[in-house]
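The lines below spell out each chain.
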Amino acid sequence: MMEKIFRAPILNPIDANTWRFYQDGALGIDRGIIVRMGDFATVLNQVDADVEVDELDGVIVPGFVDVHLHWVQHRVKGRFSGELLTWLQGHIWPEEARYVDTDLAQSAATRFYSDVLRAGTVMGMSYSSPHADATQIALALMRGDWVIGNVLMAIHAPSTLTDYSLHDPDALHAFMRQMNMTNYALTPRFAPNLSAASLKALGQIAAEAPCLIQTHLAESNAELQWVKELFPDAAHYTEVYDRAGLLTPRTILGHCIEMRDEEWRCLRARGSWVAHCPTSNEALGNRRMPLEQVRAYNIPFALASDIGGGPSHSMLHVMQRFLGVHREAGVSVAPQEALYRSTKAGAECMGRGSIGGDLTAGKRADFVLLPQKPAADSVEAWFEECLSGKSADLEQRTLGTWLKGERAA
Ligand SMILES: [Zn+2]
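Since we're looking at a predicted model, the values are computed, not measured. (Residues numbered from 1 in each chain as written. Predicted model: local features only at pLDDT ≥ 70, side-chain atom pairs only at ≥ 80, totals over all residues. Heavy atoms only, no water.)

### Observations regarding the overall build of the protein chain
Thinking step 1. Helices and strands together make up the secondary structure of the protein chain, namely 17 helices and 16 strands.
Thinking step 2. Over its C-alpha atoms the protein chain spans a radius of gyration of 21 Å, differing by no more than 12% from the 22 Å that the globule rule assigns to 409 residues.
Thinking step 3. Counting all 409 residues of the protein chain, 60% fall into the buried class.
Thinking step 4. Summarising the internal contacts of the protein chain: among those between residues at least 6 apart in sequence, 73% fall at separations of at least 24.
Thinking step 5. Separation of charge centres in the protein chain, based on 37 positive and 49 negative side chains, amounts to 1 Å. (Helix = DSSP H or I, 4+ residues; strand = E, 2+ residues; numbered from the N terminus. Rg over C-alpha atoms; globule rule 2.2 N^0.38 Å. Buried < 20%, exposed > 50% of the residue type's maximum accessible area, 1.4 Å probe, protein only. Contact = heavy atoms within 4.5 Å. Lys, Arg positive; Asp, Glu negative; His and termini not counted. Charge placed at Lys NZ, Arg CZ, Asp CG, Glu CD.)

If you want it as structure tokens, here you go:
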């Protein structure tokens, strides 16, 4: 008998409007997989009397999923701000160029995984620097379940980055042949860094390779103007990717703020996902993603920290500001949605809806312990209390993180 039971209150997301709370809950785990979940008394009736029960002092929620971040910006997250393009050129690209140094990449990757696990993130999508070595180091040292891509950038960037970018289709093909497609994402940085011909070549690779695709779309107005100059015959920014064949149900687009109606319709038709990064958008002075439009067009989305544009890797902080920025704009948004968009929706976005993202039987036992729920409080009020405070506190708020049923942080 390999099964083990964790006993604690459990909060499990169902959808954007619903969660289920078990005041005296139990999670049965066998070889890293959840085999049963529910009220403790019910679960106990289903198992042998001698099963090991581990009582946890806190509330179990699924491990968090962060669907858009740059692990090579973790060291400088929150350190710089300013308009997107000058921020990239002045601060971020010089930092990413340092990842040509494999020793630095090794120590930074170790630190990155330890920090995100401490904050409760067990799964996500990450942009690497353009360097093949740094990307392979991030994949080799992975803790949790990540999808990572070397950023592809050929033009309009310093040679310290473009010289190392595998944007040439032959070089990229050769590199991708060594990669496990389960954990690799085709990662054009954004339209200004690639020509229409390069984007088209990437679209052809995307059509054949069974991997996820990630890029940025319509984050700022200055970016939008630049794209207009670079691609004068495109009807809009979204079309630049669409005619290259890069918009698929496996595509995750960071930001999507400065969007026209026809662009939302295009995303809807292609089935592509949005990675919504409220803390990054605030930090860089970009506008709020129009959640009401995303809802109206029924665009699937999940939450993300976007470090280093985002000041913190804590998904609790991202949830706090997700609720904050939309409520401040008069848009109604519930804590149930914050949890769902940071767990189950993220796993669905990554094509892992059947293996992770919530605590139902059959899924990987990746979970987080949040501070105990006061008995008199409503679950909603307790959860919002868990999201309150400064980002530095939120990075330390989770009491523990488990991967495949084993304590990892
Ligand atoms: Zn980003």
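### Description of the packing of helix α6 (residues 169-177) against helix α7 (residues 196-208)
Thinking step 1. Between α6 and α7, the least distance of the axes is 10 Å, while the angle of their chain directions is 25 degrees. The orientation of α6 relative to α7 falls into the category roughly parallel. Viewed along their axes, α6 and α7 form a crossing whose handedness is right-handed. Of the residues in α7, those in contact with Pro169, Leu172, His173 and Met176 of α6 are Ala201, Leu202, Ile205 and Glu208.
Thinking step 2. For the contact of α6 with α7, a count of residues per class yields 6 nonpolar, 1 polar and 1 charged. (Axes fitted to C-alpha atoms, helices over the stretch in contact; angles between N-to-C directions. Parallel < 35°, antiparallel > 145°, perpendicular 65-115°, else oblique. Left-handed = near helix turned anticlockwise from the far one by under 90°. Nonpolar A, V, L, I, M, F, W, Y, C, P; charged D, E, K, R; others polar.)

### What to know about the domain arrangement of the protein chain
One widely used convention gives an interface's size as the accessible area the parts lose upon coming together.
Thinking step 1. Per the domain assignment, the segments of the protein chain are domain 1 (4-62 + 356-407) and domain 2 (64-349).
Thinking step 2. Relative to domain 2, the C-alpha centre of domain 1 lies at a distance of 29 Å.
Thinking step 3. The interface is formed by 33 residues belonging to domain 1 together with 29 residues belonging to domain 2.
Thinking step 4. Buried area between domain 1 and domain 2, summed over both chains or domains, comes out near 2600 Å², and the portion from carbon and sulfur atoms is 64%.
Thinking step 5. Three residues stand out in domain 1 for area buried against domain 2, namely Ala16, Leu387 and Glu395, and they jointly supply 22% of the buried area on that side.
Thinking step 6. Along the contact surface separating domain 1 from domain 2 lie 2 salt bridges.
Thinking step 7. Glutamate 384 is the partner of arginine 327 in a salt bridge, and the nearest nitrogen-oxygen pair spans 2.8 Å.
Thinking step 8. Between domain 1 and domain 2 we count 12 residue pairs in polar contact (both at pLDDT 80 or more) in total.
Thinking step 9. Taken together, the elements giving at least two residues each to the side of domain 1 that touches domain 2 come down to β1 (4-15), β2 (18-30), β5 (59-62), β14 (367-370), α16 (379-386), α17 (391-394) and β15 (400-403).
Thinking step 10. Partitioned by chemical class, the residues of the side of domain 1 that touches domain 2 number 15 nonpolar, 10 polar and 8 charged. (Domains from an automatic or database assignment. Buried area = accessible area lost by both parts, 1.4 Å probe. Salt bridge = Lys/Arg side-chain N within 4 Å of Asp/Glu carboxyl O. Polar contact = N/O pair within 3.5 Å; in protein donor to acceptor, adjacent residues only side chain to side chain.)

### Re the packing of helix α3 (residues 102-118) against helix α4 (residues 132-140)
Thinking step 1. For the pair α3 and α4, interaxial distance at closest approach is 9 Å and the crossing angle is 35 degrees. Crossing of α3 against α4: the hand is right-handed. Along its contact with α3, which presents Thr102, Ala105, Gln106, Ala109 and Tyr113, the element α4 presents Asp133, Ala134, Ile137 and Ala138.
Thinking step 2. Taken together, the residues of the contact of α3 with α4 sort by class into 6 nonpolar, 2 polar and 1 charged.

### Some details on the side chain of asparagine 183
Thinking step 1. Along the chain, asparagine 183 falls in the loop between α6 and β9 (185-188).
Thinking step 2. The buried category is assigned to asparagine 183, whose relative accessible area is 13%.
Thinking step 3. From its side chain, asparagine 183 meets the backbone oxygen of tryptophan 146 in a polar contact 2.7 Å long.
Thinking step 4. Setting aside its immediate chain neighbours within four residues, asparagine 183 contacts Leu139, Met142, Asp145, Trp146, Val147, Ile148 and Arg352.

### Brief notes about the coordination of the zinc ion
Thinking step 1. For the zinc ion, every protein donor is listed as His68 (NE2), His70 (NE2), His216 (NE2) and Asp306 (OD), and the spread of their distances is 2.1 to 2.4 Å.
Thinking step 2. Every donor residue of the zinc ion comes from the same chain, spaced as H-x1-H-x145-H-x89-D. Remark: aspartate 306 occurs in the loop between β13 (301-303) and α13 (315-328) and histidine 68 occurs in strand β6 (residues 64-70); sequence separation between them is 238 residues. Neither histidine 68 nor aspartate 306 differs from the other in exposure class; each is buried. (Donors = N, O, S within 2.8 Å, 3.2 Å for Na, K, Ca; no water.)

### Notes on empty space enclosed by the protein
Thinking step 1. Under the criterion given, the structure shown has 2 cavities of 30 Å³ or more.
Thinking step 2. Space inside the largest cavity adds up to approximately 100 Å³.
Thinking step 3. His70, Gln73, Leu84, Trp87, Leu88, Arg189, Phe190, His216, Glu219, His255 and Asp306 are the residues that line the largest cavity.
Thinking step 4. With 3 residues, helix α2 (residues 84-97) is the single largest residue contributor to the lining of the largest cavity.
Thinking step 5. Classifying every residue of the lining of the largest cavity by side-chain character gives 4 nonpolar, 4 polar and 3 charged.
Thinking step 6. By volume, the second largest cavity amounts to about 60 Å³.
Thinking step 7. Taken together, Pro62, Gly63, Val65, Val122, Met123, Gly356, Gly357, Asp358, Arg364 and Asp366 form the lining of the second largest cavity. (1 Å grid on protein atoms, 1.4 Å probe; cavity = no way out; pocket = protein on both sides within 12 Å on 5 of 7 lines; lining within 4 Å. Points joined across faces, edges and corners; volume = space filled by probe spheres on them.)

### Some remarks on the nonpolar core
Thinking step 1. One finds Leu186, Tyr241 and Leu267 to be the most contacted residues of the largest nonpolar core, which totals 82 residues.
Thinking step 2. At 7 residues, the largest contribution of residues to this core is made by α2.
Thinking step 3. Here this core gathers at least three residues from each of two domains, domain 1 (4-62 + 356-407) and domain 2 (64-349).
Thinking step 4. If we skip the residues at most four places from it in the chain, leucine 186 touches Leu152, Leu172, Met176, Leu202, Ile205, Ala206, Cys211, Leu212, Ile213, Gln214 and Leu246.
Thinking step 5. By size, the runner-up hydrophobic cluster in this structure holds 22 residues, among which are Val65, Met123, Cys277 and Ala345. (Core = buried A, V, L, I, M, F, W, Y, C linked by side-chain atoms within 4.5 Å.)

### Quick look at the sheet that holds strand β10 (residues 212-217)
Thinking step 1. Within the open sheet, the 8 strands sit side by side as β6-β7-β8-β9-β10-β11-β12-β13. Their pairing is parallel. With partners counted over all chains shown, the strands left at the sheet margins are β6 and β13, one partner each. Pairs of neighbouring strands in the sheet enclose a mean axial angle of 25 degrees, with direction left out of account.
Thinking step 2. In this sheet, β9 lies alongside strand β8 (residues 145-152) in parallel orientation, the contact comprising 2 bridges. Paired with valine 151 across the bridge in β9 is threonine 187. (Pairing = 2+ DSSP bridges.)

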